[in-house]
Amino acid sequence: IPRIEINHNPTDSLGPESKVAAQIDRLNSQFAGLESFSVVIESGIQDTFLHSRYLDEVVELQRFIEGLDPGISATSFGDYLTLLNNAFLESDDAGLPQTNDEIAELMIFLDHDRVRTYVNEDYSRTRIIVRHNIASTKQLKGLLRTIRAHIDQNLDRGLTAQITGDSMLSLSATNSMIF
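Source: prediction; values computed, not measured. (Residues numbered from 1 in each chain as written. Predicted model: local features only at pLDDT ≥ 70, side-chain atom pairs only at ≥ 80, totals over all residues. Heavy atoms only, no water.)

Right, let's talk about the overall build of the protein chain for a bit. Helix and strand content of the protein chain: 7 helices and 4 strands. Ordered by position from N to C terminus, the α and β elements of the protein chain give α-β-α-β-α-α-α-β-α-β-α. Counting all 179 residues of the protein chain, 42% fall into the buried class. Contacts spanning at least 24 positions in sequence make up 72% of the contacts within the protein chain whose residues lie at least 6 apart. Total accessible area on the protein chain is roughly 10,800 Å²; 51% of this is exposed by carbon and sulfur atoms. (Helix = DSSP H or I, 4+ residues; strand = E, 2+ residues; numbered from the N terminus. Buried < 20%, exposed > 50% of the residue type's maximum accessible area, 1.4 Å probe, protein only. Contact = heavy atoms within 4.5 Å. Areas by Shrake-Rupley, 256 points an atom, 1.4 Å probe, with all protein chains shown as cover.)

Written out as structure tokens, the structure is:
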């Protein structure tokens, strides 16, 4: 029993000869993956994520997560502001706006409906959407522990962060069925 490894990935049960499993593996290798989770960061204070200091916190965490595994893709409100800033400055590498005034200027051109997936209407809560192709329950738990530890050690104390989403639900359901 101690050597039993739990795996929440349903495609593994299809077997190595399965055409469906092969197609899913092909999709996973070409894209960031079919699995996802979110890191929701909240301050409880209106307009928090329209301040460069806090936006930098989000982007730093996003980059940390992306650096953990080459099969991970993370997207945040910071990506939209970077795209808008690049377009506004007619540069491919202008990057994230550096000051609160630059962010305020860009927000004139950004309709909240375009970013509602990433930030709430009063900009007090934002999320990083993480797509991955990690099939192993053990590997995913390790990744999530690493992210949680990084958050606990590095995120501004005025912010709280929760990891949630489909991958977390799958892990929870797997644990509920086994234990």
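From this point, things continue past the structure.
Glancing now at the side chain of His 150. You can see His 150 is positioned in helix α6 (residues 137-154). What His 150 contacts, discounting residues up to four positions off in sequence, is Glu 60, Leu 61, Phe 64 and Leu 155.

Judged from the 8 bridges that link them, strand β1 (residues 35-42) and strand β3 (residues 125-132) form a sheet pairing that is antiparallel. Its bridge partner lying in β3, Val 40 is registered against Arg 127. Across 3 bridges, strand β2 (residues 73-75) lies against β3 in antiparallel orientation. Across the sheet, the residue bridging to Ser 73 is Arg 131, located in β3. (Pairing = 2+ DSSP bridges.)

Here we come to the nonpolar core. Counting 22 residues, the largest nonpolar core has Phe 37, Val 39, Ile 41, Ile 128 and Ile 151 as the members making the most contacts within it. Every element with two or more residues in this core is listed here: β1, α2 (52-67), β3, α6 and β4 (160-164). Discounting residues that sit within four places of it in the chain, Ile 41 has contacts with Phe 49, Val 58, Leu 61, Ser 124, Arg 125, Thr 126, Ile 128, Leu 155, Leu 159, Thr 160 and Ala 161. In terms of nonpolar packing, the next biggest core, distinct from the first, is built from 16 residues, Val 59, Leu 106, Met 107 and Val 115 among them. (Core = buried A, V, L, I, M, F, W, Y, C linked by side-chain atoms within 4.5 Å.)

A few words now on the sheet that holds β4. Overall, antiparallel pairing links the 4 strands, which are arranged β2-β3-β1-β4 in an open sheet. The open sheet terminates on both sides in strands that have one partner only, identified here as β2 and β4. If you compare each strand with its neighbour and ignore which way they point, the axes differ by 20 degrees on average. (Axes fitted to C-alpha atoms, helices over the stretch in contact; angles between N-to-C directions.)

What follows concerns the packing of aromatic side chains. The tally for this structure, following the rule as stated, stands at 3 aromatic pairs. Ring centres 5.4 Å apart and planes at 45 degrees place the aromatic pair Tyr 80 and Tyr 118 in the tilted group. Of this pair, Tyr 80 sits in helix α3 (residues 77-88) while Tyr 118 sits in the loop between α5 (112-115) and β3, placing them 38 residues apart in sequence. Exposure remark for Tyr 80: the relative accessible area of 29% places this residue in the partly exposed category. Considering the side-chain rings of Phe 88 and Phe 109, the 5.6 Å spacing of their centres and the 40 degrees angle between planes classify their relative orientation as tilted. Taken as a pair, Phe 88 in helix α3 and Phe 109 in the loop between α4 (100-107) and α5 lie far apart in primary sequence, 21 residues in all. The exposure class of Phe 109 is exposed, given its relative accessible area of 52%. (Phe/Tyr/Trp six-rings, centres within 6.5 Å; stacked < 30°, edge-to-face > 60°.)

For the rest of this paragraph, the subject is α6. Here α6 contains 18 residues, and its C-alpha end-to-end distance of 26 Å stays within 8% of the 26 Å for a straight helix at 1.5 Å per residue. Residues of α6 that are buried: Thr 137, Leu 140, Leu 143, Leu 144, Ile 147, His 150 and Ile 151. All buried residues of α6 project into a common sector of 155 degrees when viewed along the axis, lining one side. More than 90 degrees from the buried face of α6, the exposed residues found are Lys 138, Arg 145 and Gln 153. (Expected span 1.5 Å × (residues − 1). Arc of directions from axis to C-beta.)

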